[in-house]
Amino acid sequence: MSLEQFKNRDVSDSGYYLVDIDAYPEKGFDKFKRIVARTFRGELFVGLWVVMREMIKFDIHTVQYPKEKLPVGPRYRAVHEMQRLWESGTERCIGCGLCEKICISDCIRMDTKIDENNRKVVSEYTINLGRCIFCGYCAEVCPELAIVHGGRYENTSEQRAHYTDYQDMLTPFDMALNGQVPEYPGFGAVTPHEDERVKSTPLAY
Amino acid sequence: MINFKINGTPVTAERGETIINVARREDIYIPTMCYIEKTSPCASCRLCSVEVEGLDGFVLACNTPPTEGINVITDSEVLETERTNIMRMYDVNHPLECGVCDKSGECDLQNKTLEFNVGQQQFAAKDQPRKIENWGLINYDPSLCILCEKCTHVCNEVIGDDALDLLFGGYNSKVIPKNSDVLDCTFCGECIAVCPVGALISSDFQYSANSWELSKVPATCAHCSAGCALEYEVKHAGVEAQGAESIYRVKNNFEYATLCGAGRFGFDYDNSATKDDEAFAKAVEAVSKAKAIRFSSMITNEEMMILKALKEKLGLKLFNRDARHMQLFMDAYASVSGTKHYSADLETLKESDAIIMVGTRIATDNPGVRYAMTTAARHNGAKVVYMHPLEDALLQNTVTQFVKYEVGTEEGVLALLAQTLIVDQELTQREQSFIDSLDEGYLSAETNVGDDELELMKKQFLRSKSKTLVIGSDILAHERVENIARLVALIEKYSDFNVLVVPSEANTLGVSLIADLDIDDHSENVVGYNAKGNFVISALEGADLAVPAFNQQEGTVVSIDKRVLPTNVALGFEGYTLNDIANALGVHAQNTVDYTSRLPQESGFKAVDFDDLENFYSDKGVDTRGYVLDDVTVKRGGYPEEVAELPEFNGAVIYHANPVLQFNAFTAQTKQLENDNNLYGSASFAAAARLSDGEAVTFVYAGETVRRVFKLDETLKGTVALHPTFDLGLNVRSDYRFETVNFKRESK
Ligand code: SF4
Ligand code: SF4
Ligand code: SF4
Ligand code: SF4
Ligand code: SF4
Ligand code: FES
């Protein structure tokens, strides 16, 4: 369909037609006749046959959850992960507190402090998954691409409040070092050919 | 009056006002970066540049007084470009660390960068490695510093420490401790408050919270009688806190008010308790059977009202030493002056150009008075005469004349002052004959205040117009307090001096105005309320019943300014309060603050509800906090009596004075303030008392044995040692602040 056709809102001559719908039966007997006719139509057996055929073929497509799990899309928003920088393995979170501030359900809480090098470090960081609505705001606001949503979508818990801690979310150190942290194209991701694109900034001489 | 125009609108300026003062008063916006109301203009940022019609170039609004008839333009394209260029310069090499910076969210540089839309840096300077300095309670990051000079100005002009200096060196410029490698100052933290960026930050607070997550509780400082306005900044106590909150820092409206370090850093003295019914029942019983209640002046007026009601209902006595001294002084003073309250306050002190201070070690007794005095000295060139047996190194930048008198001779000193300051006045015959009867030779000899010193003082004051006499707590606690008070009132009546009395504790004045107090006879069966007793109800450790500390209560206090100031609950308290005990004993009130409107009007209080009291400085610096006590006239009829024989203090004399930033048992338990309880004395004291540096001694003080380590202090002179009392519990100070003691050496 070309764009022209698509934009054409005149329905009078573009092949539309009204479906022929029988009048609704008025009398009781007419209604009965219609039920009988619909009940004993062959279509019922067509459906039953498909089920029967698949059963006999043993080619079953049902995923055997929880033994078997489907991969989720890269942009899926499940339990958060805390990223490290590639190569150096440094934790990306700088403790700015923006995720805590923006969180719509107020479920992030963090403690920060000054370390021996006079830098800000995160000493505690928790997310109450019982309250998180997985809106993604925290990941969106993070200036360091530190907090992202991962693929772990299983959240069942015996308690209503169910927390995840910084250490649980943090990417294992060696994964970062070995470049095993997946990066996906799109907003916030490392752009292709990054090295060539870096120019000397005013702060470099 | 100068008539001129701003943007074509006619405005008028008072003498001494600059363009910015007028513009701000008229709500005309001129951006500034280095301007601070309470100091002389720093004039370092040039952001306040304005144009004057018919004049080439720009003038600085912050330090230019307007001239008659000019038209000032505050907004034009050229100005916009000029100001944007200044902001571009500020942003050159400024670290991109708003993400972690403690100032983010309340940073002037951040705000102005956004205001002038500086989105990128077009040029750069070679960056220098700059070391972050850790100066004890303060951290300084030179790479964030914009060299606005606010910190140095405030430290010199308001605080009087003059501890900071600017080191110029192009892009290497920075703030450094003056004449020293490390910062050695009174740690008021005012430089932190005025710093427009994150360069100066409290080291305890740094990186622990963001400005936007802290809720602000406007309150009144509880540590001394200056009653400074402060804001507690409160947040949850951390991830593990289970809903508990804690105070993260204290801030103040630095534009118009000043805080000392005890107020700023000594905030974590809150008490925690749960409802202990058994202890409560015991407390109710103890109070109902008590002969007296002994209490400290670190309580609100409302708590005092409850105590008064208990006194009336149960017929018990009320013991409070310092407030009783205050009462004695003020009653005797009023009998001569005819007014219930002394005449001056901190504002009049700030505007004075002649100040005499007697009987106080003011820098540690009441830093608010010290700051007002420093401001007066710097801004009006005030002559400050400090009369005391001990010199104070902290006042060396402010005091113009130090007059030393002998310990205990305050009555003689005031008599000499009366003789010197009262001239050619219409005294009544009785007063005249009193003045004439003074034996100057004897007084001079005994007090050791020479004629020449008094003459010098008089000469200094020749051209002064606004004079204040500051009376400290040495005098309030003196044996002859009543006669000294009459002398003070006489001076006030017949000279151009106003009188400012420094109440010894946070709410000494308020307590003294509410109920009559009894002489503490040290009898048994006394309930201590924030004080020692046979049954102790207190916010301090070791109490028989825990009650909320001052920062967990609402209520009012009366400050040195005779202002009734409200304070609010910064942190919750789960346990019982004094009001619960009173209710159990039949003195009914739903809330403690129900008493606010019932405060005695015969003492000058107004019938205002607690909830109707404001607690802030307006944008234009108007102090709206609480209300000022009404003037109350009382019957005259008092006359100074003959000066008693002046006492002599021989042997090892100690003076009860606390170290900088320490005031009482509450400041003693805060984590940031240093707990230095050593006995400090000069070499001549050491020789007289035969003590050596580092030696531990014990002696009896206020009925109890105290152990102290003696330390030699080079900066001290004379034969009196400084003895801290802050860690000995509340309301323990014995009457007069100087004492002869017998030291017992500890066997080594
Ligand atoms: S996904 Fe949304 S609700 Fe969950 S933590 Fe992030 S901001 Fe909060
Ligand atoms: S927004 Fe990002 S960098 Fe900031 S605290 Fe949250 S996770 Fe850390
Ligand atoms: S001082 Fe201000 S502009 Fe500089 S990093 Fe801190 S918040 Fe940002
Ligand atoms: S803390 Fe106070 S005394 Fe010390 S440098 Fe800062 S302003 Fe000056
Ligand atoms: S430390 Fe702060 S107040 Fe002092 S000059 Fe630097 S920016 Fe200004
Ligand atoms: S405000 Fe006038 S120069 Fe900074």
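Residues numbered from 1 in each chain as written. Chains lettered and ligands numbered in written order. Predicted model: local features only at pLDDT ≥ 70, side-chain atom pairs only at ≥ 80, totals over all residues. Heavy atoms only, no water.

### As for the overall build of chain A
Part 1: If you tally the helices and strands in chain A, you get eight helices and five strands.
Part 2: Counting over 205 residues, chain A shows a buried share of 24%.
Part 3: For chain A, long-range pairs separated by at least 24 residues make up 67% of all intrachain contacts whose partners lie at least 6 apart in sequence. (Helix = DSSP H or I, 4+ residues; strand = E, 2+ residues; numbered from the N terminus. Buried < 20%, exposed > 50% of the residue type's maximum accessible area, 1.4 Å probe, protein only. Contact = heavy atoms within 4.5 Å.)

### Section: the packing of helix H13 (residues 410-421) of chain B against helix H18 (residues 481-494) of chain B
Residue and element names in this part refer to chain B.
Part 1: In the contact formed by H13 and H18, the axes pass within 9 Å of each other and the chain directions differ by 15 degrees. Between H13 and H18, the interaxial angle falls into the category roughly parallel. Note that H13 runs across H18; the crossing there is left-handed. Between H13 and H18, the contacting residues are Glu-410, Glu-411, Leu-414, Ala-415, Leu-417, Ala-418 and Leu-421 on the first element and Asn-483, Ile-484, Leu-487, Val-488, Ile-491 and Tyr-494 on the second.
Part 2: Considering only residue class, the contact of H13 with H18 consists of 10 nonpolar, one polar and two charged. (Axes fitted to C-alpha atoms, helices over the stretch in contact; angles between N-to-C directions. Parallel < 35°, antiparallel > 145°, perpendicular 65-115°, else oblique. Left-handed = near helix turned anticlockwise from the far one by under 90°. Nonpolar A, V, L, I, M, F, W, Y, C, P; charged D, E, K, R; others polar.)

### So, the sheet that holds strand S19 (residues 467-471) of chain B
Residue and element names in this part refer to chain B.
Part 1: The parallel open sheet is built from five strands, whose spatial order is S18-S17-S16-S19-S20. Both edges of this open sheet fall to strand S18 (401-403) and strand S20 (497-501), since each of them pairs with a single strand only. With direction set aside, neighbouring strand axes in the sheet form an average angle of 15 degrees.
Part 2: Pairing geometry for strand S17 (residues 383-387) and S18, over three bridges, is parallel. Along S18, the bridge assignment pairs Met-387 with Val-403. (Pairing = 2+ DSSP bridges.)

### Digging into the site of ligand 3
Part 1: For ligand 3, the set of nearby residues contains 13 residues, the closest of which are His94(B), Cys98(B), Cys101(B), Cys107(B) and Gly198(B).
Part 2: In terms of residue class, the shell around ligand 3 is built from seven nonpolar, four polar and two charged. (Near = heavy atom within 4 Å.)

### Side note on the interface of chain A and chain B
Part 1: On the chain B side, the residues contacting the 20 residues of chain A number 23 residues.
Part 2: Summing both sides of the interface, chain A and chain B together bury roughly 1800 Å²; the carbon and sulfur share of this comes to 55%.
Part 3: Our count for the contact surface shared by chain A and chain B stands at zero salt bridges.
Part 4: The interface formed by chain A and chain B includes six residue pairs in polar contact (both at pLDDT 80 or more).
Part 5: Secondary-structure elements contributing two or more residues to the side of chain A that touches chain B are helix H4 (98-102), strand S2 (108-114) and strand S3 (120-128) of chain A.
Part 6: When residues of the side of chain A that touches chain B are assigned to their parent elements, the largest contribution, six residues, is made by S2(A).
Part 7: A class-by-class count of the residues in the side of chain A that touches chain B yields eight nonpolar, four polar and eight charged. (Buried area = accessible area lost by both parts, 1.4 Å probe. Salt bridge = Lys/Arg side-chain N within 4 Å of Asp/Glu carboxyl O. Polar contact = N/O pair within 3.5 Å; in protein donor to acceptor, adjacent residues only side chain to side chain.)

### Thoughts on the sheet that holds strand S25 (residues 563-567) of chain B
Residues and elements named next belong to chain B.
Part 1: Judged by pairing direction, the sheet is antiparallel, and its three strands sit side by side in the order S24-S25-S26 without closing on themselves. The two strands at the open ends of the sheet, each matched to only one other strand, are strand S24 (555-558) and strand S26 (627-628).
Part 2: As paired strands, S24 and S25 are joined by four bridges and run antiparallel to one another. Residue pairing across strands places Gly-555 opposite Thr-567, the latter belonging to S25.
Part 3: Against the sheet, helix H8 (residues 301-314) makes contact with S24 and S25, and its axis sits at roughly 95 degrees relative to S24, the strand it touches most.

### Quick notes on the packing of helix H9 (residues 321-337) of chain B against H18(B)
Residues and elements named next belong to chain B.
Part 1: As a packed pair, H9 and H18 sit with axes 8 Å apart at the nearest point and diverge in direction by 40 degrees. Taken as axis vectors, H9 and H18 run oblique relative to one another. For the crossing formed where H9 meets H18, the hand is right-handed. Listed contacts from H18 to His-325, Leu-328, Phe-329, Ala-332, Tyr-333, Ser-335, Val-336 and Ser-337 of H9 are Val-481, Glu-482, Ala-485, Arg-486, Val-488, Ala-489, Leu-490, Glu-492 and Lys-493.
Part 2: Within the contact of H9 with H18, the residues separate by chemical class into 10 nonpolar, three polar and four charged.

### Looking at the domain arrangement of chain B
Part 1: According to the domain assignment, chain B contains domain 1 (2-75), domain 2 (124-265), domain 3 (270-320 + 517-555 + 576-599), domain 4 (337-501) and domain 5 (653-745).
Part 2: For domain 1 of chain B and domain 3 of chain B, the distance between their C-alpha centres works out to 55 Å. (Domains from an automatic or database assignment.)

### Some remarks on the side chain of His341(B)
All names here are of chain B.
Part 1: Secondary-structure assignment places His-341 in the loop between H9 and helix H10 (346-350).
Part 2: Within the structure, His-341 has its side chain in polar contact with the backbone oxygen of Ser-603 (distance 3.1 Å).
Part 3: Within the local environment of His-341, its side chain forms a polar contact with the backbone oxygen of Asp-630, the two atoms lying 3.3 Å apart.
Part 4: Once residues within four sequence positions are removed from consideration, His-341 is found in contact with Met-330, Tyr-333, Leu-513, Lys-562, Ser-603, Gly-604, Leu-629, Asp-630, Asp-631 and Val-632.

### Here we look at the domain arrangement of chain A
Part 1: Here chain A is described as being made up of domain 1 (28-57) and domain 2 (80-189).
Part 2: Domain 1 of chain A and domain 2 of chain A are separated by 54 Å when their C-alpha centres are compared.

### Details of a nonpolar patch on the surface
Part 1: On the surface, a cluster of nonpolar side chains totalling about 620 Å² of accessible area is made up of Val46(A), Trp49(A), Val50(A), Met52(A), Met55(A) and Ile56(A).
Part 2: Looking at where Trp49(A) falls in the secondary structure, it is placed in helix H3 (residues 43-57). (Patch = residues over 30% accessible without salt bridge, like charges linked within 9 Å, V, L, I, M, F, W, Y side chains within 5 Å. Areas by Shrake-Rupley, 256 points an atom, 1.4 Å probe, with all protein chains shown as cover.)

### Some remarks on unusual backbone geometry
Part 1: With omega at 5 degrees, the peptide bond leading from Tyr65(A) into Pro66(A) counts as cis.
Part 2: Along the chain, Pro66(A) falls in the loop between H3 and strand S1 (80-82).
Part 3: Residues other than glycine seldom take positive phi values, yet Asn179(B) does so here, at roughly 50 degrees.
Part 4: Residue class for Asn179(B) comes out exposed when judged on its relative accessible area of 77%.
Part 5: Here Arg690(B), not a glycine, exhibits a phi torsion of approximately 50 degrees, which is positive.
Part 6: Of note, Arg690(B) is situated in the loop between helix H22 (683-689) and strand S29 (696-701).

### Here we look at the pairing of strand S22 (residues 535-538) of chain B
Residues in a regular strand project their side chains so that they alternate between the two faces of the sheet.
Residues and elements named next belong to chain B.
Part 1: Here S22 shows two buried faces, one formed by Phe-535 and Ile-537 and the other by Val-536 and Ser-538.
Part 2: Summarising the sheet, strand S21 (residues 526-529) and S22 pair through three bridges and their orientation is parallel. Bridge assignment links Gly-528 to a residue of S22, and that residue is Val-536.

### Structural notes on helix H4 (residues 150-159) of chain B
All names here are of chain B.
Part 1: Where burial is concerned, most of H4 is hidden: nine out of the 10 residues are buried.
Part 2: What H4 keeps buried is the set Lys-150, Cys-151, Thr-152, His-153, Val-154, Cys-155, Glu-157, Val-158 and Ile-159.
Part 3: The elements touched by buried residues of H4 are helix H3 (108-115), strand S8 (164-167), strand S9 (174-177), helix H5 (190-194), strand S10 (200-202) and helix H12 (367-380).
Part 4: The first or second residue beyond H4 is Gly-160, which carries a positive phi of 95 degrees.

### Examining the pattern of salt bridges
All names here are of chain B.
Part 1: Taken as a whole and assessed by the stated rule, the structure comprises 40 salt bridges over all chains.
Part 2: Its salt-bridge partner being Lys-112, residue Glu-115 comes within 3.9 Å of it at the nearest N-O pair. A residue pair is termed a helical-turn pair when its members lie 3 or 4 positions apart in one helix, as Glu-115 and Lys-112 do in helix H3 at three residues.
Part 3: Looking at Lys-112, the relative accessible area reads 11%, which means it is buried.
Part 4: Of the charged contacts, one joins Lys-493 and Glu-431 as a salt bridge, the two residues approaching to 3.2 Å between their closest N and O atoms. Of this pair, Lys-493 sits in helix H18 while Glu-431 sits in helix H14 (residues 429-437), and the two are 62 residues apart along the sequence.

### Things to note about the packing of aromatic side chains
Given two aromatic rings, one states the distance between the centres and the angle between the planes to describe the pair.
Residue and element names in this part refer to chain B.
Part 1: Within the structure shown, the criterion is met by 16 aromatic pairs over all chains.
Part 2: Measuring from ring centre to ring centre gives 5.4 Å for Phe-699 and Phe-743, while their planes differ by 85 degrees; the resulting arrangement is edge-to-face. Here Phe-699, found in strand S29, pairs with Phe-743, found in the loop between strand S32 (738-740) and strand S33 (744-745); they are 44 residues apart in sequence, far enough to count as distant.
Part 3: Put simply, the rings of Phe-649, Tyr-655, Tyr-736 and Phe-738 touch in pairs and so form one group of aromatic residues.
Part 4: When the ring centre of Tyr-576 is taken as reference, the NZ or CZ atom of Lys-275 above it lies at 5.0 Å. (Phe/Tyr/Trp six-rings, centres within 6.5 Å; stacked < 30°, edge-to-face > 60°. Lys NZ or Arg CZ within 6 Å of the ring centre and 35° of its normal.)

### Considering the confidence of the model for chain A
Part 1: Averaged over chain A, the pLDDT score is 84; the fraction of residues at 70 or greater is 90%.
Part 2: Of all helices and strands in chain A, the one with the weakest mean pLDDT is helix H8 (residues 194-197) of chain A (71), whereas H4(A) scores best (96). (pLDDT = per-residue confidence, 0-100.)

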